[in-house]
Amino acid sequence: MKALLKPIVWVCLFFFAYQSTYAQALKIMSYNCRMSGEMTGYSVKEYAAFIRKYNPDVVMLQEIDYNTKRNKNQDFTTQLAAELGLFSVFGKAMDTGGGEYGVAILSKYPFVYINNKTFEGIDGAKEPRTLLYVDIQEPGTSDVIRIGTTHLDHSTDLIRSAMAEQINERIGTGDTPTLLGGDFNARTDSNVICEVMKNWQRICDDTFTYPADQPTIKIDYIFGLPQNKWQVKSFKVLSNPEVSDHRALFAEVEFVK
């Protein structure tokens, strides 16, 4: 009888472990692209080569141009996605230079939902900013993961906090597994990070991210919800100062049900 129980116990343990997490770990990257390629002559190839080395499943991008004069009227998001063989979506924050400026998300998995909405009623903000988020569904599962990206205003912590409050209102509640990456323009001891984002799990550490060549501050982050549900299998801060003045964040995570 004992001989029969052992295989049954191992099968049950395997089944429980399989059921407790998503089918596979998710590799994620968040990256500020420095005015959509200003440092590369607005070429996407250097970004593609850098990103390709880490083979992320999703990439959250900031400082992205669409059809502006300065980037030679290019669709940066679509061109970068084509180089990498990924799905893509651009989220407009404002009109500028004859085109648009905002954030973007690239993904190995198709989007089942897309939402982009600028922050509203933010008095004193230097520029309009936005929150772009998508829902993706990994093949072979019925599980939906929400991926968001944002770039908060650089003016004051009060303004950034007001923007982050709107992030919480839009995607900061509920049980949907959520990952949010972005340039928060906020130090680790700021109100926006310590208070407004306190209900989010910090996926990243406190390693400095800006400027890329010799960083002195951290202003780039990845957060997750629900809190304490994301297992961080690995995390790195990546530097390529010839491509961007920000360091990229890269993590491998798994959601624990």
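For clarity, every value in this text was computed on a predicted model and none was experimentally measured.

**What about the pattern of salt bridges?**
Here is step 1 of the chain: Counted by the stated rule, this structure contains 13 salt bridges.
Here is step 2 of the chain: Note that Asp-143 and Lys-257 form a salt bridge whose closest N and O atoms lie 3.3 Å from each other. Remark: Lys-257 occurs in the segment after strand E12 (248-255) and Asp-143 occurs in the loop between strand E6 (130-137) and strand E7 (144-151); sequence separation between them is 114 residues.
Here is step 3 of the chain: Judged by its relative accessible area of 16%, Asp-143 falls in the buried class.
Here is step 4 of the chain: When its relative accessible area of 48% is taken as the criterion, Lys-257 is described as partly exposed.

**Digging into the pairing of strand E2 (residues 58-66)**
Here is step 1 of the chain: Of all the nine residues making up E2, eight are buried; the element is thus mostly covered by neighbouring parts of the structure.
Here is step 2 of the chain: The pairing of strand E1 (residues 26-32) with E2 spans five bridges and is classified as parallel. Of the residues in E2, the one forming a bridge with Ser-30 is Met-60.

**Focus: the sheet that holds E7**
Here is step 1 of the chain: Taken in spatial order, the six strands line up as E5-E6-E7-E8-E10-E9 in an open sheet, and their pairing is mixed. A strand with exactly one partner marks an edge of an open sheet, and here the two such strands are strand E5 (111-118) and strand E9 (201-202).
Here is step 2 of the chain: The pairing of E5 with E6 spans seven bridges and is classified as antiparallel. Opposite Thr-118, over in E6, you have Thr-130 as the bridge partner.
Here is step 3 of the chain: On top of the sheet, helix H5 (residues 157-171) reaches E5, E6, E7, strand E8 (178-183) and strand E10 (220-225); it is set at about 30° to E6, its chief contact.

**Digging into unusual backbone geometry**
Here is step 1 of the chain: Residue Pro-211 follows Tyr-210 across a cis peptide bond; omega there is -10°.
Here is step 2 of the chain: Among the secondary structure elements, Pro-211 is positioned in the loop between E9 and E10.
Here is step 3 of the chain: Backbone torsion omega between Leu-225 and Pro-226 reads -10°, so that peptide bond is classified as cis.
Here is step 4 of the chain: Within the secondary structure, Pro-226 is located in the loop between E10 and strand E11 (230-238).
Here is step 5 of the chain: Positive phi outside glycine occurs at Asn-67, with the angle close to 60°.
Here is step 6 of the chain: Here Asn-67 is to be found in the loop between E2 and helix H4 (76-84).
Here is step 7 of the chain: Positive phi, normally seen in glycine, also occurs at Asn-73, with a value near 55°.
Here is step 8 of the chain: The topology assignment puts Asn-73 in the loop between E2 and H4.

**Describing the packing of aromatic side chains**
Here is step 1 of the chain: Taken as a whole, this structure holds 12 aromatic pairs when the rule is applied.
Here is step 2 of the chain: Taking 5.3 Å as the distance between ring centres and 45° as the angle between the ring planes, the aromatic pair formed by Tyr-31 and Phe-50 counts as tilted. Of the two residues, Tyr-31 sits in strand E1 while Phe-50 sits in helix H3 (residues 45-52), which places them 19 residues apart along the sequence.
Here is step 3 of the chain: On the basis of relative accessibility, which here comes to 2%, the residue Phe-50 falls in the buried class.
Here is step 4 of the chain: Ring centres of Tyr-66 and Phe-90 lie 6.0 Å apart, and the angle between their planes is 35°; this geometry places the pair in the tilted category. Here Tyr-66 is found in strand E2, whereas its partner Phe-90 is found in strand E3 (residues 87-96), with 24 residues between them in sequence.
Here is step 5 of the chain: Take Tyr-66: its relative accessible area is 33%, and that puts it in the partly exposed class.
Here is step 6 of the chain: Within the aromatic cluster, the residues linked to one another by ring pairs are Tyr-31, Tyr-47, Phe-50, Tyr-54, Phe-76 and Phe-250.

Parameters at a glance
- Residues numbered from 1 in each chain as written.
- Predicted model: local features only at pLDDT ≥ 70, side-chain atom pairs only at ≥ 80, totals over all residues.
- Heavy atoms only, no water.
- Salt bridge = Lys/Arg side-chain N within 4 Å of Asp/Glu carboxyl O.
- Helix = DSSP H or I, 4+ residues; strand = E, 2+ residues; numbered from the N terminus.
- Buried < 20%, exposed > 50% of the residue type's maximum accessible area, 1.4 Å probe, protein only.
- Pairing = 2+ DSSP bridges.
- Contact = heavy atoms within 4.5 Å.
- Axes fitted to C-alpha atoms, helices over the stretch in contact; angles between N-to-C directions.
- Phe/Tyr/Trp six-rings, centres within 6.5 Å; stacked < 30°, edge-to-face > 60°.

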